[in-house]
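An overview of the molecular structure
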Amino acid sequence: MDADSFLKKHKLSSGSKVELISKGETFSGVLIPSLSPETVQLKLSSGYNAGFKLSEITSIKGFGEIKKEKTELKIIQKKGLPKILVLHTGGTIASKVDYSLGGVTASFAPEDLIALVPEITELAEIEAKQISNIMSEDMTFNYYKKISKELFEAMQKKYKGIIVAHGTDTLAYSSAAMSFAVENAGMPVLFVGSQRSPDRPSTDAAENLLNAVYFISKTDFAGIAICMHETISDGNAVILSGTKTRKMHTSRRDAFKPINDIPIARVNYHKNLIEYLKNNYSKKSNKKTELKNKFEEKIALMKLRPNLLPEEIDFYRKQKYKGLILEGTGMGHAPSNVKENLSNYEALKKLINSGTIVVMTSQCIYGRVYSEVYTNLRRLAEIGVIFAEDMLPETAFIKLSWCLGNNPKKAKEIFLQNIAGEFNERTPYEFKVE
Amino acid sequence: MEYDYFKLGLKVGLEVHQQLDTGKLFCSCPCILREDAPNIIFERNLRPTASELNSIDEAALNEFKKRKKFIYQGYADSTCLVEADCEPPHEINKLALKTVFEVALMVNAKIFSELIPMRKIVIDGSNTSGFQRTTLIAQNGEIIVNGKKIRVEAIVLEEDASRIIEKHPEKIIYRLDRLGIPLIEFTTAPDINSPEEAKLVAKEIGSIMRRTGKAKRGLGSIRQDLNVSIENGARVELKGVQDLELIDEMVKREIQRQIALLELRKEMIEKKLIKTDFDSEIIELSSLFNESECKFLKEKTVFGIKLKKLKGLIGKEVQPKRRFGTELASVVKAKTGLKGLLHSDELPAYGVTEKEVKEVNSLLECTHEDAFIMVSGEKETILTALNAVIERVKLTLDKGVVSETRNALEDANSEYLRSISSSARMYPETDLLPINVEEKQLNELKKNLPLTEKQRMELYLSEFKLSEKLANQMKLSNHARFFEKKVSEGFNATMIASLLLDGLIGLKRKGAETDNISDKMLEELFEAEKNNLISKDVMLDFLLEWSKNPLLPLNELISKQGLNSMDSIEAEKIIKKIVEEKKDLIKQNGMRSVSALMGEAMKQLKGKIDGKKINELLKKEINEVMKQ
């Protein structure tokens, strides 16, 4: 018998007050949702949880249910402040702890957001809307459609700006997708995530949100960007380009780094500081905001590495993929030159001849790919591999999908145009390797 | 003063926190406290989580904005991203877990079959995450002290907090070296009925911890909290008693305090005082002190209140050199950060003249029976402070003794710290899985539990043939289990015991940080000796250096010292040969021949070993020859 049927048999469920006897000792507490099928778990009166093996429980009795702790948060928002819309997509940033049963759940209510950072009520009037509840690794292009539509519609209203609360894993993919899908954004849109969950008092979500709200309420920037910690200290956040930013650490607060780029601005709410680091950041223009939110699904991103076999490349041809982003080695190399690897070269040639657009980026992440420096690079250019300058592989992936989705006939041509600051003509010294 | 504890209804419970020297609980950093300059610094703001708040209004928002900033100091080589709350916890430290199981088994406590690491919310900054990771291991054990059974309520394994380096009004500076050191929290039921018994129980618990061989030593490595109550008094928690010898005195002082407060209450009732008598108006007195000699009041914002019919009582002694006024001052200090207050029972003094006292009395409309309190500072803070005083006086009238948490002071007195926190906010650590406890593992541990002191004595005397003196010392040593292991491996018991006892004491005199010497280090050192990497006679020298720099791997230390003992043994041979050849010279000139032979020895050994060492070896060999 597993824990669920055991509890069912005794007409108990999480929240039930129980007394049980295990190995001759009596314990009382509240049943909490158990994590393993062989044990039931109690929250004891000390506040601690402990687990009891089903096989060791000789008796269990229920004494009713605990009253659910319900605290209604009263918040009075000041009127007359700039309005900011918060779009929730899910992710760590939406987690909230429930002490009565001790679980961490997702929460999207504006009250919970404000409870996390009450200071924002002095800066802006917050509206919140949930559009999905997924961890960001589960994002699909369908969600991009949804988010971009929400952004587009909100831009027709009188918001000062929009915050998109998003899981951090694929946050930069989404910000890139929105950078392409919403053309001429008329207001600041900041993607905000959380590396350390908001159920903890040390969460970075609070400072990221606070700085995002502060920046939006003061800035003349218009466009899609990311707002996250600058260092592992609280205080400074950086506003980063939607297309040239990458999550570079699994757990640090300052995981998001500009790649082949510098931050747009540095923000610190506590110091009333906004420091623009880019002179030519995009501002609101008279151009009409347009929504181009189709994304081609048959597109792949492939890391090239030693001992690559041609079957892998052939797979994309046989499955009729429309686009393939290669994350090449170094300046954009592929294992395709010596005798053992010639079959890879042939496979790539066949793939391109079949009509698939093949783009080269670099797994170095920092720097640019070149089609002419070495013979080996020239050979790839000869068969029609497109070299994507200093574009991030992930951004190239999103961009190619967007090009193929919205204008399949001119996809290649559009891919080579700079649409949302995704590549640079120059590589200045200030583009750091961090 | 002697009390009849039985009549008083004295009940004492202990909560002992023992640090373990097993490596940190949730990362692979060492358990070392450091005084050298930290090279990592970062800053954080902690905030109550959304679930903690009920309403957000102007006042709450103001509180929010006044929160302290926390600065953390770390070390690149001994603290990591886990302490910085920039990385999830690693799997729980197996050795620490084994040690706490041993402690639980030694006191017959029942270990849960599934352990669930919890997060206990703490937002004073001492934990970078804003919570302390804590796991309930076992309940319902017992220890026997002087034939009496004392129940053990709970045994918990948790992580220690960061230490405070500096405290400022706007920020606190913490050091991360202590954060994450495993702590065993050992809580007894309030079964203790005398101060002396409290001390004995604390000693017994300390001895249980030490017997595992994994208890960390040194200042602050064991901390006791006492729960003390008498009948009609209240349960008071005395936090952070570091000196075991003070425990009985602490209990006595708390009894004294509770009795004094109950007497005070009685006197207040006899004076027919009721709570509303203390709803006195808070009145500004600043203008009286413009020209004052008192530096606390001169040109400051000063407010005061009348305390009806309390003249003489504010000065009542509650503990040696602590008056009821001091109690009020410590509440003010804890709640506002102000340094203190002035009360009428201590005036005129501190530059306040009799004339000024009269003026205050008249402004506050005090009669000869009334007392007053004055506070200076910023207006808002003063109001909070004086309201806290009124609140406290009312509570004293109501209850006599208030149930609260108090800070243990070094002189065995105590001061108000905070009200006893209601049940802690806890939820499961979502980054860790529950820990399954196998019965088989516990049975294994049961078979190899640390010996009791009595068992050790028997073993050391009858089997190991230690002298009574050595056996007595060894049975109490933190290294006793290591000692037993080495003897079972065939080492000479007296040799090992002397090394671990006299050897280490000698080292401490030479400036070694012997608290840093772990069994693991000793084990490595013995291993190195076995493999001829160092010689026996330099083992202690290595320990001296290593204890000062325990982060250094042993092989690095060996090469750094430049007296890799392979060289040393080799050198000894060469020197022996030189000495042998010049035997006659030595017999003639005695120790004076050292300088003569030094040149030859240096020529042969130069660069391989340092000169000082050559000199030492030479002297030793010459001595040998002279003895012949």
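Residues numbered from 1 in each chain as written. Chains lettered and ligands numbered in written order. Predicted model: local features only at pLDDT ≥ 70, side-chain atom pairs only at ≥ 80, totals over all residues. Heavy atoms only, no water.

1. A look at the overall build of chain A
The helix and strand inventory of chain A stands at ten helices and 24 strands. Here chain A holds 434 residues, and 58% of them are scored as buried. Contacts in chain A between residues far apart in sequence, at least 24 positions, make up 70% of those at least 6 positions apart. Summed over all atoms, the accessible surface of chain A reaches about 19,100 Å², with 49% contributed by carbon and sulfur. (Helix = DSSP H or I, 4+ residues; strand = E, 2+ residues; numbered from the N terminus. Buried < 20%, exposed > 50% of the residue type's maximum accessible area, 1.4 Å probe, protein only. Contact = heavy atoms within 4.5 Å. Areas by Shrake-Rupley, 256 points an atom, 1.4 Å probe, with all protein chains shown as cover.)

2. Some words on the packing of helix α7 (residues 342–353) of chain A against helix α8 (residues 375–382) of chain A
Residues and elements named next belong to chain A. Between α7 and α8, whose axes approach to 10 Å, the crossing angle comes to 30 degrees. Taken together, α7 and α8 sit at an angle that is classed as roughly parallel. Mapping the contact onto sequence places Leu342, Tyr345 and Leu348 in α7 and Arg379, Leu380 and Glu382 in α8. Counted by class, the contact of α7 with α8 contains four nonpolar, no polar and two charged residues. (Axes fitted to C-alpha atoms, helices over the stretch in contact; angles between N-to-C directions. Parallel < 35°, antiparallel > 145°, perpendicular 65-115°, else oblique. Nonpolar A, V, L, I, M, F, W, Y, C, P; charged D, E, K, R; others polar.)

3. Some thoughts on the side chain of Ser336 of chain A
Residue and element names in this part refer to chain A. For Ser336, the location among the structural elements is in the loop between β22 (323–328) and α7. Assessed through its relative accessible area of 1%, Ser336 is described here as buried. Ignoring anything within four residues of it in the chain, the contact list for Ser336 reads Asn341, Leu342, Tyr345, Arg379 and Leu380.

4. What about helix α5 (residues 204–218) of chain A?
For α5 of chain A, which comprises 15 residues, the first-to-last C-alpha distance of 21 Å matches the rise-based estimate of 21 Å (1.5 Å per residue) to within 8%. Counting buried residues along α5 of chain A, 14 of its 15 residues qualify, which places the element largely inside the surrounding structure. (Expected span 1.5 Å × (residues − 1).)

5. Some words on the environment of Asp261 of chain A
All names here are of chain A. Mapped onto the secondary structure, Asp261 falls in the loop between β17 (256–258) and β18 (265–268). By relative accessible area, Asp261 is classed as buried at 5%. Non-local contacts of Asp261, meaning those with residues more than four positions away in its chain, are made with Ser241, Lys244, Lys278 and Phe431. Within the structure, the side chain of Asp261 is placed 2.9 Å from the side chain of Lys278, a separation counted as a polar contact. (Polar contact = N/O pair within 3.5 Å; in protein donor to acceptor, adjacent residues only side chain to side chain.)

6. Some details on the interface of chain A and chain B
At the interface, 56 residues of chain A touch 56 residues of chain B. Summing both sides of the interface, chain A and chain B together bury roughly 4,800 Å²; the carbon and sulfur share of this comes to 53%. If you look at where chain A meets chain B, you find nine salt bridges. The partner of Arg200 of chain A in a salt bridge is Asp431 of chain B, and the shortest N-O contact between them spans 3.4 Å. Where chain A meets chain B, there are 30 residue pairs in polar contact (both at pLDDT 80 or more). Of all the secondary-structure elements, those providing two or more residues to the side of chain A that touches chain B are β2 (25–32), β3 (39–44), β4 (49–53), β6 (74–75), β8 (95–98), α2 (110–116) and α5 of chain A. Top contributing element to the side of chain A that touches chain B by residue count: β4 of chain A, with five residues. Class assignment for the residues of the side of chain A that touches chain B results in 22 nonpolar, 15 polar and 19 charged. Inspection of the sheet shows β4 of chain A paired to strand β6 (residues 114–115) of chain B by two bridges, in the antiparallel sense. Opposite Gly51 of chain A, over in β6 of chain B, you have Glu114 of chain B as the bridge partner. (Buried area = accessible area lost by both parts, 1.4 Å probe. Salt bridge = Lys/Arg side-chain N within 4 Å of Asp/Glu carboxyl O. Pairing = 2+ DSSP bridges.)

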